[in-house]
Amino acid sequence: MLSERTKLNEFPDQSLWRTAGPATRPITLEQGKQHLRLSLTDTFHDADVLEMIDGSVESVEKDCEQVMITQTFVASRFQFPEYDHGIRLDRYPVRSVESIEYNSEGADVIMDPTAYKFSEARSAVFPNTAGGFSWPTASYGVESVKVTFTAGYGDSGDNVPRDLLQCILLMLSMRFYGEDNWDQYRDSIRKHQRSSYP
């Protein structure tokens, strides 16, 4: 499982980093072996199964831009969006926005939490224009604006929707047995993919 600072994606104006990985797996070793019809008492494949579970979780999370187990991320930008547009947080479901920090002429400034609001429907954070706030002016540069947020369904696999767990298990079978079930996998993933942008 990834736990250190890890770059997940990069766009022209925004990058996403994971700064704290999951404390556990959504699929246990026992569940994985049962799905693969492996003997629970035979430990020969355990290391490979665990590695494939981690890889399957990573694939499903990337493909549907969702997070199974609670993790912490930082979305970084060169500057705030124009016209008070939102900053999209590319992992769902977002549990909370911990902070927004920006650089102003060499000094790091933490925004007042009342100056912004999170839209769950759009998975993005916006300035609280109703409260009279706009995005401040940040010095242009790499990681000049950083939004730290927590995302995930919960702290165990019991919190993760069952159909997402099935996607992970399907990917696990494809990895372990080399099965060609891509059409079934894509159909399962498609309904979970997020396509709305702020």
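Conventions and cut-offs
Here the residue index of a chain counts from 1 through its sequence in written order. Selection of residues for local features in this predicted model requires a pLDDT of at least 70, selection of side-chain atom pairs for listing and counting requires 80 or more, and totals for whole chains, interfaces and linings are taken over all residues. Working from all heavy atoms in the structure, the side-chain values ignore hydrogens and water. By definition, any uninterrupted DSSP run of H or I lasting at least four residues is a helix, any uninterrupted run of E lasting at least two residues is a strand, and each is numbered from the N terminus. Note on definitions: a residue-residue contact is assigned when non-hydrogen atoms from the two residues lie within 4.5 Å. Calculation of accessible area relied on Shrake-Rupley with a 1.4 Å probe; when residues are assessed, cover is drawn exclusively from the protein chains displayed. For the purpose of counting charges, residues Lys and Arg are taken to be positive, whereas Asp and Glu are taken to be negative. His and the chain ends are not included. Think of each charge as sitting on NZ of Lys, CZ of Arg, CG of Asp or CD of Glu. In this scheme, a helix's expected span is set at 1.5 Å multiplied by one less than its residue total. For each residue, the accessible area found with a 1.4 Å probe, counting protein chains only, is set against the maximum for its type, and the residue is called buried under 20%, exposed over 50%, and partly exposed in between. Ring pairs are drawn from Phe, Tyr and Trp, using the six-membered ring of Trp, whenever the two centres fall within 6.5 Å, and their geometry is named by plane angle: stacked under 30 degrees, edge-to-face over 60, tilted for the rest. To obtain each axis, a line is fitted to C-alpha atoms, and for helices this fit is confined to the stretch in contact; angles are then taken between N-to-C directions over 0 to 180 degrees. Here is the rule for angles: anything less than 35 degrees is roughly parallel, anything more than 145 is roughly antiparallel, 65 through 115 is roughly perpendicular, and the remaining ranges are oblique. For any helix crossing, the convention is left-handed if the near helix is rotated counterclockwise from the far helix by under a right angle, and right-handed if that rotation is clockwise. Ten residues, namely Ala, Val, Leu, Ile, Met, Phe, Trp, Tyr, Cys and Pro, are considered nonpolar, four, namely Asp, Glu, Lys and Arg, are considered charged, and the remaining ones, Gly among them, are considered polar.

1. Structural notes on the overall build of the protein chain
Part 1: The number of helices and strands found in the protein chain is four helices and nine strands.
Part 2: Seen along its three principal axes, the alpha-carbon backbone of the protein chain occupies a region of about 60 × 30 × 30 Å.
Part 3: Looking at the protein chain alone, contacts between residues at least 24 apart form 71% of all its contacts between residues at least 6 apart.
Part 4: Approximately 10,700 Å² of the protein chain is accessible, and the part contributed by carbon and sulfur atoms is 47%.
Part 5: Where the 20 positive side-chain charges of the protein chain centre and where its 30 negative ones centre are 4 Å apart.

2. Description of helix H3 (residues 162-177)
The periodicity of an α-helix, 3.6 residues per turn, causes residues three or four positions apart to be oriented the same way.
Part 1: Here H3 contains 16 residues, and its C-alpha end-to-end distance of 22 Å stays within 8% of the 22 Å for a straight helix at 1.5 Å per residue.
Part 2: Those residues of H3 not exposed but buried are Leu 164, Leu 165, Cys 167, Ile 168, Leu 169, Leu 170, Met 171, Leu 172, Ser 173, Met 174 and Phe 176.
Part 3: Close packing links the buried residues of H3 with helix H1 (29-35), helix H2 (46-64) and helix H4 (182-190).
Part 4: Residue Gly 178 follows H3 closely and has a positive phi angle near 70°.

3. Focus on the packing of aromatic side chains
Part 1: Taken as a whole and assessed by the stated rule, the structure comprises six aromatic pairs.
Part 2: Considering the side-chain rings of Phe 73 and Phe 149, the 5.5 Å spacing of their centres and the 25° angle between planes classify their relative orientation as stacked. Separated by 76 residues along the polypeptide, Phe 73 in strand S3 (residues 71-77) and Phe 149 in strand S9 (residues 145-151) bring together distant segments of the chain.
Part 3: With relative accessibility at 0%, the residue Phe 149 sits in the buried group.
Part 4: With a centroid separation of 5.8 Å and 90° between ring planes, the pair formed by Trp 182 and Tyr 185 is classed as edge-to-face. Separated by three residues within a single helix, Trp 182 and Tyr 185 lie in helix H4, roughly one turn from each other.
Part 5: Exposure remark for Tyr 185: the relative accessible area of 3% places this residue in the buried category.

4. Here's the deal with the packing of H2 against H3
Part 1: Contact geometry of H2 with H3 gives a least axis separation of 8 Å together with a crossing angle of 125°. Considered as vectors, H2 and H3 are oriented oblique to each other. Viewed along their axes, H2 and H3 form a crossing whose handedness is right-handed. Contact residues: H2 offers Val 49, Met 52, Ile 53, Gly 55, Ser 56, Val 57, Ser 59, Val 60 and Cys 64, while H3 offers Leu 164, Cys 167, Ile 168, Met 171, Leu 172, Arg 175 and Phe 176.
Part 2: Of the residues contributing to the contact of H2 with H3, the split by class is twelve nonpolar, three polar and one charged.

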